[in-house]
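Below are the chains, spelled out letter by letter.
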Amino acid sequence: MAGSNDFSTGLLSCCSDCCLCLGTMFCPWYMVARNKALVDNRDCTICDCCCAQPNLEYFTRQQVRARWNFAFSPCADCFAMCFCTLCVICQDAREIALRNPAK
């Protein structure tokens, strides 16, 4: 487990939750929309899904970092989004699920 000021699971720990992994692999736009809605403390709507783009996850990731006081790392996040997009989406979804178990 990472330090208290960073994500609980690693970027490449995608398969630690098979449902999230498969959902991200086959429906990345839905996962991006869902992550954004959960970070904003609201329900995911059809508009979220229609407007979601994988690059939106960069901004959701910045919100995750700010909300849970993680170290700010825009360059590393940008690099990860460019080369490991699905891993970033999945890692954010795992973190949100760990920190918001009721959702």
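Residues numbered from 1 in each chain as written. Predicted model: local features only at pLDDT ≥ 70, side-chain atom pairs only at ≥ 80, totals over all residues. Heavy atoms only, no water.

Would you explain the overall build of the protein in this entry?
Looking only at helices and strands, the protein features six helices and zero strands. Reading the helices (α) and strands (β) of the protein from amino to carboxyl end gives α-α-α-α-α-α. Here the protein has a C-alpha radius of gyration of 12 Å; the compact-globule value for 103 residues is 13 Å, and the two agree. With respect to the principal axes defined by its C-alpha atoms, the protein has extents near 35 × 25 × 25 Å. Looking at the protein as a whole, 39% of its 103 residues are labelled buried. In the protein, the proportion of contacts linking residues at least 24 apart, taken out of those at least 6 apart, comes to 67%. For the protein, the computed accessible surface area is about 5,900 Å², with 67% contributed by carbon and sulfur atoms. Between the mean site of the 9 positive side-chain charges and the mean site of the 9 negative ones, the protein shows a separation of 2 Å. (Helix = DSSP H or I, 4+ residues; strand = E, 2+ residues; numbered from the N terminus. Rg over C-alpha atoms; globule rule 2.2 N^0.38 Å. Buried < 20%, exposed > 50% of the residue type's maximum accessible area, 1.4 Å probe, protein only. Contact = heavy atoms within 4.5 Å. Areas by Shrake-Rupley, 256 points an atom, 1.4 Å probe, with all protein chains shown as cover. Lys, Arg positive; Asp, Glu negative; His and termini not counted. Charge placed at Lys NZ, Arg CZ, Asp CG, Glu CD.)

In this structure, what is going on with the side chain of Arg61? I would like to understand it.
With respect to the secondary-structure elements, Arg61 resides in helix H4 (residues 56-67). Filtering out sequence-adjacent residues up to four positions away, Arg61 remains in contact with Phe7, Leu11, Asp77, Val88, Gln91 and Asp92.

I keep staring at H4 and nothing clicks. Help me out?
Structurally, the α-helix is built with 3.6 residues per turn, so residues lying three or four positions apart point the same way. Relative to the 16 Å expected for twelve residues at 1.5 Å per residue, H4 spans 17 Å between its end C-alpha atoms, a close match to the ideal helical length. Here H4 has its buried residues at Glu57, Tyr58, Thr60, Arg61, Gln62, Val64 and Arg65. Lining the buried residues of H4 we find helix H2 (28-39), helix H5 (74-83) and helix H6 (85-99). In the segment just after H4, Asn69 is the residue with positive phi, at about 55°. (Expected span 1.5 Å × (residues − 1).)

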